[in-house]
Amino acid sequence: MIALKAQPAGDAYGVPVPSAGATKPAMIHIAGLEKSFKTRSGETVNALTNVNLDIRENEFISVVGPSGCGKTTLLRILAGLEIASSGVIQCDGAQIAGPRPDVGVVFQQATLLPWNTVLANVLLPAHLANDKSEARVKRAEGLLAFMGLKDFAQKYPFELSGGMQQRVSICRALMREPRILLMDEPFGALDAMTREAMNMELMRVWSEERKTVIFITHSIPEAVLLGDRVVVMSPRPGRISEIINVDVGRPRSLQTMATPRFGEICDHIRTIFGAQSLTATSL
Amino acid sequence: MSAAAKQSRSHLLQSIAVAVILLAVWEGACRQFDISSIVLPTPSAVVARLYALISSGMIWPHLWATLIEILSGFVLGAVAGLVIGAMISLIPVFERLVYPYLVALQTLPKVAIAPLFIIWFGYGLTSKVVITALVCFFPVLVSVIAGFHSTDKDQLDMMRAFGATKWQTLLRLRIPSALVLIFAGFEIAAVLAVIGAIVGEFVGAQVGLGYLVVTLNFGMDVPGVFAVLIVLSAIGLAMHGLMRYAARRYIFWIRRNDAPVIP
Ligand SMILES: Nc1ncnc2c1ncn2[C@@H]1O[C@H](COP(=O)(O)OP(=O)(O)OP(=O)(O)O)[C@@H](O)[C@H]1O
Ligand SMILES: [Mg+2]
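Rules and cut-offs
Residues numbered from 1 in each chain as written. Chains lettered and ligands numbered in written order. Predicted model: local features only at pLDDT ≥ 70, side-chain atom pairs only at ≥ 80, totals over all residues. Heavy atoms only, no water. Contact = heavy atoms within 4.5 Å. Buried area = accessible area lost by both parts, 1.4 Å probe. Salt bridge = Lys/Arg side-chain N within 4 Å of Asp/Glu carboxyl O. Polar contact = N/O pair within 3.5 Å; in protein donor to acceptor, adjacent residues only side chain to side chain. Helix = DSSP H or I, 4+ residues; strand = E, 2+ residues; numbered from the N terminus. Nonpolar A, V, L, I, M, F, W, Y, C, P; charged D, E, K, R; others polar. Buried < 20%, exposed > 50% of the residue type's maximum accessible area, 1.4 Å probe, protein only. Expected span 1.5 Å × (residues − 1). Domains from an automatic or database assignment. Near = heavy atom within 4 Å. 1 Å grid on protein atoms, 1.4 Å probe; cavity = no way out; pocket = protein on both sides within 12 Å on 5 of 7 lines; lining within 4 Å. Points joined across faces, edges and corners; volume = space filled by probe spheres on them. Pairing = 2+ DSSP bridges. Axes fitted to C-alpha atoms, helices over the stretch in contact; angles between N-to-C directions. Parallel < 35°, antiparallel > 145°, perpendicular 65-115°, else oblique. Left-handed = near helix turned anticlockwise from the far one by under 90°.

## A short note on the interface of chain A and chain B
- Contacts between the two partners involve 25 residues from chain A, matched on the other side by 19 residues from chain B.
- Carbon and sulfur atoms supply 64% of the area that chain A and chain B bury against each other, a total of about 2,100 Å² over both sides.
- It is A:W115, A:L128 and A:F158 that lose the most area in chain A upon contact with chain B, and together they represent 35% of the buried surface on that side.
- Salt-bridge contacts for A:R76 lead to B:D157; the nearest nitrogen and oxygen are separated by 2.6 Å.
- Across the contact surface, chain A and chain B share 6 residue pairs in polar contact (both at pLDDT 80 or more).
- Every element with two or more residues in the side of chain A that touches chain B is listed here: strand 6 (103-106), helix 2 (118-128) and helix 4 (162-174) of chain A.
- Tallying contributions element by element places helix 2 of chain A first for the side of chain A that touches chain B, with 4 residues.
- When its residues are assigned to classes, the side of chain A that touches chain B shows 14 nonpolar, 6 polar and 5 charged.

## Quick notes on the side chain of A:H127
- Positionally, A:H127 belongs in helix 2.
- Judged by relative accessible area, which is 17%, A:H127 ranks as buried.
- If we skip the residues at most four places from it in the chain, A:H127 touches A:K132, B:Q168 and B:R172.

## Some remarks on helix 2 (residues 43-55) of chain B
- Between the first and last C-alpha of helix 2 of chain B there are 18 Å, a value that for 13 residues agrees with the 18 Å anticipated at 1.5 Å per step.
- The inward-facing, buried residues of helix 2 of chain B contact helix 1 (3-32), helix 3 (59-90) and helix 10 (222-250) of chain B.

## Points about the domain arrangement of chain A
Residues and elements named next belong to chain A.
- In terms of domain boundaries, chain A breaks down into domain 1 (27-102 + 180-283) and domain 2 (112-177).
- Each side of the interface is counted separately: domain 1 has 13 residues, and domain 2 has 13 residues.
- Counting each side, the surface lost to burial between domain 1 and domain 2 is near 1,100 Å², with a carbon and sulfur contribution of 68%.
- At the surface where domain 1 touches domain 2, the tally comes to 1 salt bridge.
- A salt bridge links E209 to R139; its shortest N-O distance comes to 3.2 Å.
- Here domain 1 is connected to domain 2 by 3 residue pairs in polar contact (both at pLDDT 80 or more).
- Elements represented by at least two residues in the side of domain 1 that touches domain 2 include exactly strand 7 (180-184) and helix 5 (192-208).
- Per-element tally for the side of domain 1 that touches domain 2: the top contributor is helix 5, with 5 residues.

## Some remarks on the site of ligand 1
All names here are of chain A.
- All residues adjacent to ligand 1 are F37, A47, S67, G68, C69, G70, K71, T72, T73, E185 and H218.
- S67 places a side-chain nitrogen or oxygen 2.5 Å from an oxygen atom of ligand 1.
- Looking at the shell around ligand 1, the element that brings in the most residues is helix 1 (residues 71-78), giving 3 residues.
- Residues that form the shell around ligand 1 fall into these classes: 3 nonpolar, 6 polar and 2 charged.

## Focus on empty space enclosed by the protein
- The tally for this structure, following the rule as stated, stands at 3 cavities of 30 Å³ or more.
- Lining the largest cavity are A:P101, A:V103, A:G104, A:P125, A:R172, A:A173, A:M175, A:R176, A:P178 and B:F162.
- Residue assignment for the lining of the largest cavity shows that the elements contributing at least two residues are strand 6 and helix 4 of chain A.
- Of the residues in the lining of the largest cavity, the class split is 7 nonpolar, 1 polar and 2 charged.

## Quick look at the pairing of strand 2 (residues 44-55) of chain A
All names here are of chain A.
- Relative to strand 2, strand 1 (residues 28-38) runs antiparallel, the two being bridged by 8 bridges. Counted as the bridge partner of K35 is L48 from strand 2.
- Here strand 1 folds back onto strand 2 in antiparallel fashion, the turn holding 5 residues, of which G42 has a positive phi close to 95 degrees.

## Points about the packing of helix 4 of chain A against helix 5 of chain A
Residues and elements named next belong to chain A.
- Remark: helix 4 packs on helix 5, axes separated minimally by 12 Å, with the N-to-C direction vectors making an angle of 15 degrees. Classified by the angle between their axes, helix 4 and helix 5 sit roughly parallel to one another. Of the two elements, helix 4 crosses helix 5, and the hand of that crossing is right-handed. Judged by residue contacts, G163, R167, I170 and L174 of helix 4 engage M198, E201 and V205 from helix 5.
- The residue makeup of the contact of helix 4 with helix 5, split by class, is 4 nonpolar, 1 polar and 2 charged.

Below is the structure:
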């Protein structure tokens, strides 16, 4: 089923993909997005300038970029935790003005509540919506089992490893069956092996419960492995320098990373970063 | 027996050995140099006096009075500290209006106001309870305010992203986060409570361990004074132990290095 998923017709990589197909309007529409912060010393930092991006429903978007280029800021605006300074940022045609129930967020830190059991942590979004039904508990247990944490439901977060905690926080984000999943470097703190295993698990989740994913990462192979498209950002001021179509078929596995096409795309992204750092040093 | 239990047991044996040696040296020195028991009584004399105080039943009314002062003063002070601390943390107007005065009050040495409380509340238990409550109030107040400010910003964002209301955030995140520091405040207050009660009794009382110390001291019964000091430090240790136990039970998620003092 996944393998049959139509790939957007072969844009050459490196050519920014034109916004969503003409037939269906984009689920998330970002145009001319700006975000600036006032620092304590009174200066203005332009975290994002002129960001334009359209995201289709059920699309997996990876975002890469050097530290400080505004990835987290973009994600926080999408999550409704931060308000854009100007520009359009719409979901289903309505400007995002605050957190939405159909959005699940996985933060860079697991941010589990240490006084709650793993199960209670996963159930948190349901509890906050005053839904204490048995069905929700079943779903939480199902999610934990799916993530290989069946036996840890009654444990406390401090009894889990970092990678397990991050899996719990993914379960929590999936609890209310969100249509949109926002992930901010969720595997940043993990070792390479656990990280690859987590990538596989994430793809498995995504193939089971299709949803729109925006996935921030520092790792170029990870971005290419997971994404339908990779958004490459550059800093000072934070903006999108390129959007790359990953024309590699699904299902993908760790073997996919050994294919020539995969390598070409990774190299291309590295070239963009190389050019960025050259201009940075020449300044 | 586990390795850890074995180790902590051998640690206990070591500290008992140190105590025995120290006491033996103390006892020996007193006898050797013929030190007057008015200056420094021998440990054996202190123990004998302690036994006499207990078996004659003389100590009980004093012990009860002081325990009641300590416990009710601690509870009153802690509850007041919790309530006012929470109001200051959660109601901005309250912080602006009340906090400066509380800070000013805190800088006052409580010992210096103790005589006033004797005048206002009399020589009975009430004045001592009030003094103890006042002494316990501030560490709890400060820890509550610090506790509410210690909420993790990422977790606040997480709650907001998952649609928590202000109340839900308060109940599910801010209060549990604050507990860690609040229990630290309780621990300090528990020890200060003993000091508060004794200071109050020094200033004016008809019963209590502090009163007993003053009376025995007046009668040059120095072994008796030492005996009461032992009882007082036992109370202090018990209060502290109780708080540590409560903390371990209610903020179990904090992993600190607490190798048991008494296994
Ligand atoms: N609350 C804030 N106040 C002031 N400046 C901010 C604030 N949040 C972010 N910034 C600035 O905005 C820029 C982008 O920050 P952001 O956290 O989005 O970067 P990032 O791409 O996520 O970096 P990293 O990969 O290191 O996480 C940075 O220069 C940062 O200093
Ligand atoms: Mg970031």
